[in-house]
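The primary structure of each chain is shown beneath.
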Amino acid sequence: GELTFCSESIKTILGYSSTEVMGLEFWKLTEDSEFIGVKYHENFVDERLYVRKLKCKDGSIKFIQWKDKFFNENMIIGIGQDITNEIRIENQYKNLIQNATDIIFEVDEDGNFIFANDFTIKTLGYSKERLLGRNYTEFIRNDYVESMMNFYQNLKDNEFDFPSVEIPIVRNDKTVVWISQKVFIKRNESGQIIGYSGIGRDITTLKKIELENVNRQEKIKKYNTVI
């Protein structure tokens, strides 16, 4: 794990000079002691890609993505790229999703939950452990399951119109919550569908008002008929 060469770009990224980090000093200065010595070679076949959190000379922390490759049996070449800004943006994005007062979720291509933000879990009344891995159809009121399945099956025909759908969800306490949601298709590099992302809002109060208006109109219609 001893450094025998380091490019001058380390000065710009971490603040150390290339001479300061020779030998085992790199690991000590950056406080990345996990890779010192024999551990540096553990689980190393031919090539590896990983992210490490390193301490800079000024005491700040940066995230470096490394790509290591065997040069020969006695030497490994590592190329490090500063991805600190990307990590920060990713963390901000995660915080935004988790703290949002919207229902945000992801399901795989079979419709099984692989992610749900805190508000989704709170709305449904299930723990994250009881929610993840289960199929979305288990939470939809029975009379709407078939129409929701049709919605997903036909989604690719008009995915760029960002269609929305209103469905009744059965909470853990058996009460019903009406959700208005938009669903987006997730594809891999080959364009194959690998899952779906959704964002929705609780419209239960609006649906109650809508139902009350319908009932009121029905009463007025009956009244007028009698008159």
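Since the model is a prediction, treat every value here as computed from it, not as a measurement.

A.B. asks: Is there a simple way to think about the overall build of the protein in this case?
C.D. replies: Of the regular secondary structure elements, the protein holds 7 helices and 8 strands. Rg of the C-alpha trace for the protein: 27 Å, well past the compact-globule value of 17 Å for 227 residues, more than 25% over. Oriented by its inertia axes, the alpha-carbon framework of the protein measures out at about 100 × 35 × 35 Å. Within the protein, the fraction of its 227 residues that count as buried is 33%. Within the protein, residue pairs in contact and separated by at least 24 positions form 35% of the contacts whose partners lie at least 6 positions apart. Accessible surface for the protein amounts to roughly 15200 Å². Of this, 52% is attributable to carbon and sulfur atoms. If the 31 positive side-chain charges of the protein are averaged to one point and the 36 negative ones to another, these points end up 7 Å apart.

A.B. asks: How do you make sense of the confidence of the model for the protein when you look at a structure like this?
C.D. replies: Any segment with low pLDDT has predicted coordinates that should not be analysed in fine detail. Taken as a whole, the protein shows an average pLDDT of 88; of its residues, 96% reach a score of 70 or greater. For the protein, the element scoring lowest by mean pLDDT is helix α7 (residues 204–226), at 86; helix α1 (residues 9–13) scores highest, at 95.

A.B. asks: Any chance you could explain empty space enclosed by the protein here in plain terms?
C.D. replies: One water molecule sets the probe size; rolling that probe over the atoms shows where empty space is left. Applying the stated criterion across every chain, the model contains 1 cavity of 30 Å³ or more. In this structure, the largest cavity encloses a volume near 170 Å³. Around the largest cavity, the lining is made up of 15 residues, and of these F105, F113, I167, I169 and Q181 lie nearest the centre. The biggest single contributor to the lining of the largest cavity is strand β4 (residues 103–108), with 3 residues. When grouped by side-chain class, the residues that make up the lining of the largest cavity number 13 nonpolar, 2 polar and no charged.

A.B. asks: What's the story with the pattern of salt bridges in this structure? I'm lost.
C.D. replies: On inspection of all chains with the given rule, the structure shows 16 salt bridges. Across the pair E25 and K28 runs a salt bridge, and its minimum N-O distance is 3.7 Å. Here E25 and its partner K28 are both found in helix α2 (residues 25–29), 3 residues apart, which amounts to about one turn of the helix. Classification of E25 as partly exposed rests on a relative accessible area of 34%. Salt-bridge contacts for E106 lead to K186; the nearest nitrogen and oxygen are separated by 2.9 Å. With E106 in strand β4 and K186 in strand β7 (residues 176–187), this pair connects stretches of sequence that are 80 residues apart. We classify K186 as partly exposed; its relative accessible area is 25%. Within the structure, one salt-bridge network assembled from shared partners comprises E47, K67 and K69.

A.B. asks: In this structure, what is going on with the state of the cysteines? I would like to understand it.
C.D. replies: Linking two cysteines covalently via their sulfur atoms produces the bond known as a disulfide. In the structure shown here, the tally under the stated rule is 0 disulfides. The closest cysteine sulfur to the non-disulfide-bonded C6 is located on C56, 13 Å from its own sulfur.

A.B. asks: Hey, could you run me through helix α3 (residues 84–99) in this one?
C.D. replies: The periodicity of an α-helix, 3.6 residues per turn, causes residues three or four places apart in sequence to face the same way. With 16 residues, α3 ought to run about 22 Å at 1.5 Å a step, and its terminal C-alpha atoms sit 22 Å apart, in line with that. Those residues of α3 lying buried are T84, I87 and I97. The arc enclosing the buried residues of α3, seen along the axis, measures out at 155°, which places them on a common side. Looking at α3, the residues exposed on the side facing more than 90 degrees away from the buried face are N85, I89, Q92, Y93, L96 and N99. Where α3 is buried, its residues touch β2 (61–72), β3 (75–82), β4 and β5 (113–116).

A.B. asks: Even after reading the chapter, I still don't get a nonpolar patch on the surface, so can you show me in this structure?
C.D. replies: Residues F71, M75, I77 and I79 make up a contiguous nonpolar surface patch of roughly 410 Å² in combined accessible area. Here the nonpolar patch takes 3 residues from β3, the largest share from any one element. Residue position: I77 is located in strand β3. Residue I77 is classed as partly exposed on the basis of its relative accessible area of 40%.

Reading the values: rules and limits
Residues numbered from 1 in each chain as written. Predicted model: local features only at pLDDT ≥ 70, side-chain atom pairs only at ≥ 80, totals over all residues. Heavy atoms only, no water. Helix = DSSP H or I, 4+ residues; strand = E, 2+ residues; numbered from the N terminus. Rg over C-alpha atoms; globule rule 2.2 N^0.38 Å. Buried < 20%, exposed > 50% of the residue type's maximum accessible area, 1.4 Å probe, protein only. Contact = heavy atoms within 4.5 Å. Areas by Shrake-Rupley, 256 points an atom, 1.4 Å probe, with all protein chains shown as cover. Lys, Arg positive; Asp, Glu negative; His and termini not counted. Charge placed at Lys NZ, Arg CZ, Asp CG, Glu CD. pLDDT = per-residue confidence, 0-100. 1 Å grid on protein atoms, 1.4 Å probe; cavity = no way out; pocket = protein on both sides within 12 Å on 5 of 7 lines; lining within 4 Å. Points joined across faces, edges and corners; volume = space filled by probe spheres on them. Nonpolar A, V, L, I, M, F, W, Y, C, P; charged D, E, K, R; others polar. Salt bridge = Lys/Arg side-chain N within 4 Å of Asp/Glu carboxyl O. Disulfide = S-S within 2.5 Å. Expected span 1.5 Å × (residues − 1). Arc of directions from axis to C-beta. Patch = residues over 30% accessible without salt bridge, like charges linked within 9 Å, V, L, I, M, F, W, Y side chains within 5 Å.

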